[in-house]
Amino acid sequence: MDFKNLVAHCKEYGFIFQSSEIYDGLSAVYDYGPYGVELKNNIKSYWWKSMVQMHENIVGIDAAIFMHPKTWKASGHVDAFNDPLVDNKDSKKRYRADQLIEGYAEKIELKIRKDVEKAAERYGDAFDEAQFRATNARIIERQNQIDAILARLGAAMKAGDMDDLKAQIETYEIACPESGSKNWTEVRQFNLMFNTQLGNIAGEEGKLYLRPETAQGIFVNFLNVQKSTRQKIPFGIAQIGKAFRNEIVARQFIFRMREFEQMEMQFFVRPGTEMEWYNYWKDARLKWHKALGTVDNKLRYHDHDNLAHYANAAVDIEFDFPFGFRELEGIHSRTDYDLTQHQALSGKKLQYFDPEQNENYVPYVVETSIGCDRMFLAVLSNALVEEAVPDAEGQESTRVVMKLPPALAPVKVAVLPLLKNKEALTQAAEKIYNDLKRHFNCQYDEKDAIGRRYRRQDAIGTPYCVTVDFDTLEDNTVTIRDRDTLEQKRIKIDDIRSFVQDKVSIENLL
Ligand code: ATP
């Protein structure tokens with residue numbers, strides 16, 4: 001399903017609404033509706049269980065959003081959590097200078113791809129893309145151009161050279177996509193942290209930030225957690241919580257939001273063993289994604305070329321979103337940077353005594369960090385399809401169906417009396433519903449023809465529909481319909497619970 005329809009579906013079926021919509025919305029802020037919150041909670045539960053419940057050496061916390069302002073000085077966010085901002089003077093639109101330059105390089109890449117497609121058509125089965133790319137003069141020239149653009153961009157970003165970013169925009173004659181004008185302001189650093197003021201303390205002293213990542217709540221609590229749970233290194237601390245970033249350009253729905261949720265785990269290890277654990281988590285996290293049934297070619301690793309100031313290795317797990325491959329999760333080897341910084345600014349020791357080594361040290365950290373909302377979007381774009389199915393009369397028709405992994409589905413089973421004006425049927429159905437609702441999130445629906453009710457459940461991803469008909473009253477059996485195969489079979493009322501439980505349990509994923 002294309003992206004526009006996916007966004008519309010999310011609103012129509014109560015998954016995601018624009019925040020404050022009646023006031024024309026707040027840009028890049030979204031609210032989760034009745035089905036959205038269920039799906040999101042299930043994603044969080046899958047993550048939490050596979051991290052905390054499945055690892056005896058990982059424990060959870062829930063730290064506050066507000067932290068002492070020195071936290072963000074220590075972490076480097078006050079000084080370095082910036083994006084380069086540039087305004088177009090004619091359209092008054094705001095852009096990230098680095099994204100404008102990357103977009104320019106992407107256009108050249110598109111030209112290469114067109115040439116490759118044309119050649120593939122021309123040569124048919126005999127076509128060897130790698131060889132073509134390596135030998136075709138025009139492609140080599142264009143590839144060199146791209147490499148040069150990205151290298152210069154990388155260097156300017158690393159050096160924080162805003163003048164050179166502006167010079168690059170001018171050299172490539174990049175125009176504003178909105179107005180077509182090349183009338184740009186200077187490029188300047190823009191800090192992405194939101195801030196507010198603490199109670200009655202005026203000025204810099206009382207300046208508070210909304211956390212831009214959850215990780216720091218874990219770092220500052222490292223010793224509290226270690227001592228209170230008597231964990232031995234290696235061990236991890238996991239957390240799910242809100243983070244806030246004043247993103248300059250926030251398009252693409254819930255992919256880039258100003259208020260979002262992160263699921264992060266910091267794993268504390270002995271210095272020198274971090275690469276071993278980095279590789280372990282890189283592998284483990286990809287497996288977590290694949291357990292949902294995501295096809296191999298929709299996920300890939302992307303190694304960072306330019307490492308952040310705190311990292312000695314970093315990789316993204318990218319997902320093939322409707323707008324292309326983008327970062328879904330990051331795995332970073334953060335060295336002892338954060339703990340050392342907090343030690344320096346707080347004056348408190350953040351060291352671990354290793355009984356095996358008989359020494360004190362500041363542990364190294366490997367982190368896995370995934371955006372819950374991005375995961376939501378990945379799950380939805382994987383699941384939502386429009387497909388041809390036979391209707392009740394056997395004629396070809398189309399349906400929109402959300403083929404969610406059953407463990408993540410907002411509603412697990414819908415109970416539907418065949419007819420609504422036959423009291424014996426509605427009573428029997430209500431009884432089944434009242435029993436099942438103690439075990440799963442269920443729905444009772446008696447409105448409209450049965451076919452339309454099935455379609456409604458398909459659209460929200462309900463894996464099973466139970467239909468109560470006249471035979472039910474005779475033999476205590478119901479029809480249970482499978483969302484994906486459309487197969488319908490009769491089972492005993494007493495067996496519904498275990499049948500559904502078997503299929504929808506999160507255990508299936510762990
Ligand atoms: P990007 O390069 O896309 O801005 P990032 O590298 O800044 O992301 P991290 O700081 O590594 O992201 O954050 C970890 C995870 O948090 C990301 O992999 C992503 O899933 C999520 N995330 C980051 N920023 C946002 C945002 N503005 N909206 C939604 N999710 C986000």
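Just above sits the structure.
Only a predicted model underlies this, so the values are computations on that prediction, with no experimental measurement involved.

(A) Up close: the overall build of the chain. Along the chain, the regular secondary structure elements total 17 helices and 23 strands. With the C-alpha coordinates aligned to their principal axes, the bounding extent of the chain is approximately 80 × 65 × 55 Å. The buried share among the 510 residues of the chain stands at 49%. Of all intrachain contacts in the chain linking residues separated by at least 6 positions in sequence, the fraction that spans at least 24 positions is 65%. Accessible surface, the chain: about 25,500 Å² in total, of which carbon and sulfur atoms supply 47%. Side-chain charges in the chain split into 68 positive and 79 negative, and the spacing between the mean points of these groups amounts to 2 Å.

(B) Highlighting the packing of helix α7 (residues 137-159) against helix α8 (residues 162-171). Relative orientation of the contacting elements α7 and α8 amounts to 155°, with a least axis distance of 9 Å. Taken together, α7 and α8 sit at an angle that is classed as roughly antiparallel. Contacts between α7 and α8 pair I149, R152, L153, A156 and M157 from the former with D164, L165, A167, Q168 and T171 from the latter. Taken together, the residues that form the contact of α7 with α8 break down as six nonpolar, two polar and two charged.

(C) Local environment of the layout of surface pockets. A volume near 290 Å³ is recorded for the second largest pocket. Taken together, 15 residues make up the lining of the second largest pocket; nearest its centre are V220, H342, S346, K348 and L350. Of all the secondary-structure elements, those providing two or more residues to the lining of the second largest pocket are α3 (70-74), α10 (222-229) and α12 (337-346). Here the residues of the lining of the second largest pocket are counted per class, giving six nonpolar, six polar and three charged.

(D) Quick peek at the site of the ligand. Taken together, 16 residues are adjacent to the ligand, and E247, R256, M257, E327 and G371 come closest. Between the ligand and R245 there is a distance of 3.0 Å, counted from an oxygen atom to a side-chain nitrogen or oxygen. Burial of the ligand by the protein chains amounts to 83% of its free accessible area of 590 Å². If you list the elements that add at least two residues to the shell around the ligand, you get β10 (259-269), β13 (324-335) and β16 (364-371). The element best represented in the shell around the ligand is β13, accounting for five residues.

Quick notes on the rules
- Residues numbered from 1 in each chain as written.
- Predicted model: local features only at pLDDT ≥ 70, side-chain atom pairs only at ≥ 80, totals over all residues.
- Heavy atoms only, no water.
- Helix = DSSP H or I, 4+ residues; strand = E, 2+ residues; numbered from the N terminus.
- Buried < 20%, exposed > 50% of the residue type's maximum accessible area, 1.4 Å probe, protein only.
- Contact = heavy atoms within 4.5 Å.
- Areas by Shrake-Rupley, 256 points an atom, 1.4 Å probe, with all protein chains shown as cover.
- Lys, Arg positive; Asp, Glu negative; His and termini not counted.
- Charge placed at Lys NZ, Arg CZ, Asp CG, Glu CD.
- Axes fitted to C-alpha atoms, helices over the stretch in contact; angles between N-to-C directions.
- Parallel < 35°, antiparallel > 145°, perpendicular 65-115°, else oblique.
- Nonpolar A, V, L, I, M, F, W, Y, C, P; charged D, E, K, R; others polar.
- 1 Å grid on protein atoms, 1.4 Å probe; cavity = no way out; pocket = protein on both sides within 12 Å on 5 of 7 lines; lining within 4 Å.
- Points joined across faces, edges and corners; volume = space filled by probe spheres on them.
- Near = heavy atom within 4 Å.
- Polar contact = N/O pair within 3.5 Å; in protein donor to acceptor, adjacent residues only side chain to side chain.

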